[in-house]
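Survey of secondary and tertiary structure
Residue-level listing of the chains:
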Amino acid sequence: MRKSILGAAAAVLVLACAGGAKAGTLDDVKARGILQCGVTTGLAGFGAPDDKGTWKGLDVDLCKAVAAAIFGDPSKVKYIPLNAKERFTALQSGEVDFLARNTTWTYSRDTDLKMDFAGVNYYDGQGFMVRKALNVKSAKELNGASVCVQTGTTTELNLADYFRANKMELKSVVFETNEQARQAYDDGRCDAYTTDASGLAGERTVLKNPDDNVILPEIISKEPLGPAVRHGDNNWGDIIRWTLDTMIIAEEFGITQANLDDTKQNSQNPEVRRLLGVEGELGKMMGLGNDYAYNIIKAVGNYGESFERNVGLKTPLRLARGLNELWSKGGLMYAPPYR
Ligand SMILES: N[C@@H](CCC(=O)N[C@@H](CS)C(=O)NCC(=O)O)C(=O)O
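Residues numbered from 1 in each chain as written. Predicted model: local features only at pLDDT ≥ 70, side-chain atom pairs only at ≥ 80, totals over all residues. Heavy atoms only, no water.

Right, let's get into helix α13 (residues 303-310). Residue pairs three or four apart in sequence face the same way in an α-helix, which turns once every 3.6 residues. Looking only at α13, the buried set comprises Y303, G304, S306, F307 and N310. Across the axial projection of α13, the buried residues extend over an arc of 165 degrees, all falling on one side. Its buried side turned inward, α13 meets β3 (55-56), α3 (58-71), β7 (122-124), α9 (234-252) and α12 (292-300). Its side-chain oxygen placed 2.9 Å from the backbone nitrogen of G304, N302 serves as the N-cap of α13. (Buried < 20%, exposed > 50% of the residue type's maximum accessible area, 1.4 Å probe, protein only. Helix = DSSP H or I, 4+ residues; strand = E, 2+ residues; numbered from the N terminus. Arc of directions from axis to C-beta. Contact = heavy atoms within 4.5 Å. Polar contact = N/O pair within 3.5 Å; in protein donor to acceptor, adjacent residues only side chain to side chain.)

This is the structure in structure tokens:
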């Protein structure tokens, strides 16, 4: 009898612990009063603190948008910097509520690592950077080259695949953190540096002499970067997915931070009225207020605004929209209907 009571108690404890790490993330976040967002340790344009220590970037905007959706306040975020290797354990252990950290959606991360990707906020691909003085014009000329790369990334795996597929000899020089990899390349310890093309654009801005370096034309992989949650809490996954989708839909309908209030008051478009909480009660379906989408757009603007502000042509990264343009303008950004 005593044994079975103890056994039952242990089972409850196990269930409670498992439950804590899985279902009920929204309740946990609400009770804590702050969102714990897993970001990079610093990648210009995507997630990095500015000189006043304020976190900024396309990924950081997702953290702010989710906080705005839940609390109506984009400042209710604790940013938890994670390097490539640490990020998955931090998510699994519950240290962060989700990852907004240039993380590629891959089969094994989705299945084996038991993560769910709630969408793609940047369609990317891997590239190479070399010093201009090396006079290399194509990645195919990198046979025998030493390449600085960060461990725990798809980058490291694609690099090996690419050299193998092209029968080239590779001397990869592997680092734990991105800063070390970039620094080593900048110090001349490697002929080339490889990461996501968006990362190359960001990292080039912080090299000693950015203009002495060139990004090669080859893109050797698909890197769909997006927010990730743990398996097992579908409602939480929905919240992250529809936060990103709200930003995309807002762009489709031309809703901006500047015209948001006017649109809310005057738009006769039924989908816009539902989105901004004027009609229906769609927010409740995810356990959020009816004004959650309004709060997201108020906080960070639409997807295009966030893109241009953080990584666009007028920023040091100078990235064109490319694949990240709306579907209606030839890109891949597409959100399901809001009804
Ligand atoms: N998208 C790739 C690479 C992501 C990645 O971690 N990239 C590096 C280089 S741009 C980075 O952001 N490092 C920053 C850090 O470790 O904090 C992946 O998901 O594995």
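With that settled, consider the pattern of salt bridges. Counting across every chain of the model gives 13 salt bridges. Where R309 meets D61, a salt bridge forms, and the shortest distance between an N and an O atom there is 2.6 Å. One end of the pair, R309, is in helix α13; the other, D61, is in helix α3, and 248 residues separate them in sequence. Among the residues examined, R309 registers a relative accessible area of 40% and is labelled partly exposed. (Salt bridge = Lys/Arg side-chain N within 4 Å of Asp/Glu carboxyl O.)

This part covers the site of the ligand. As a structural note, the neighbourhood of the ligand is formed by 21 residues, with T41, N102, T104, Q150 and D196 the closest of them. T41 has a polar side-chain atom sitting 2.5 Å from an oxygen atom of the ligand. For the ligand, an oxygen atom lies 2.8 Å from a polar atom in the side chain of N102. Notes on the ligand: free accessible area 500 Å², of which the protein chains cover 99%. At the level of elements, α6 (154-165), β11 (192-196) and β13 (223-225) are the ones that each hand at least two residues to the shell around the ligand. Looking at side-chain class alone, the shell around the ligand contains four nonpolar, 12 polar and five charged residues. (Near = heavy atom within 4 Å. Areas by Shrake-Rupley, 256 points an atom, 1.4 Å probe, with all protein chains shown as cover. Nonpolar A, V, L, I, M, F, W, Y, C, P; charged D, E, K, R; others polar.)

Next up on the list: the environment of A335. Turning to its location among the elements, A335 is positioned in the segment after α13. Accessibility expressed as a relative area gives 8% for A335, which makes it buried. Sequence separation between A335 and E308 is 27 residues, and the spatial gap between their C-alpha atoms is 19 Å.

Inspection of the entire model under this criterion finds two disulfides. In this model C37 forms its disulfide with C63; the gap between the sulfur atoms is 2.1 Å. On the sign convention where negative is left-handed, the bridge of C37 and C63, at about -80 degrees about the S-S bond, is left-handed. With C37 in strand β1 (residues 35-39) and C63 in helix α3, this residue pair connects regions lying 26 residues apart in the sequence. Considered together, C37 and C63 belong to a single accessibility category, that of buried residues. Each sulfur of the disulfide joining C148 and C190 lies 1.9 Å from the other. Handedness of the C148-C190 disulfide follows from its S-S torsion of about 70 degrees: it is right-handed. Of this pair, C148 sits in strand β9 (residues 146-150) while C190 sits in the loop between α7 (178-186) and β11, and the two are 42 residues apart along the sequence. The cystine pairing of the chain, numbering bonded cysteines in sequence order, is 1-2, 3-4. (Disulfide = S-S within 2.5 Å.)

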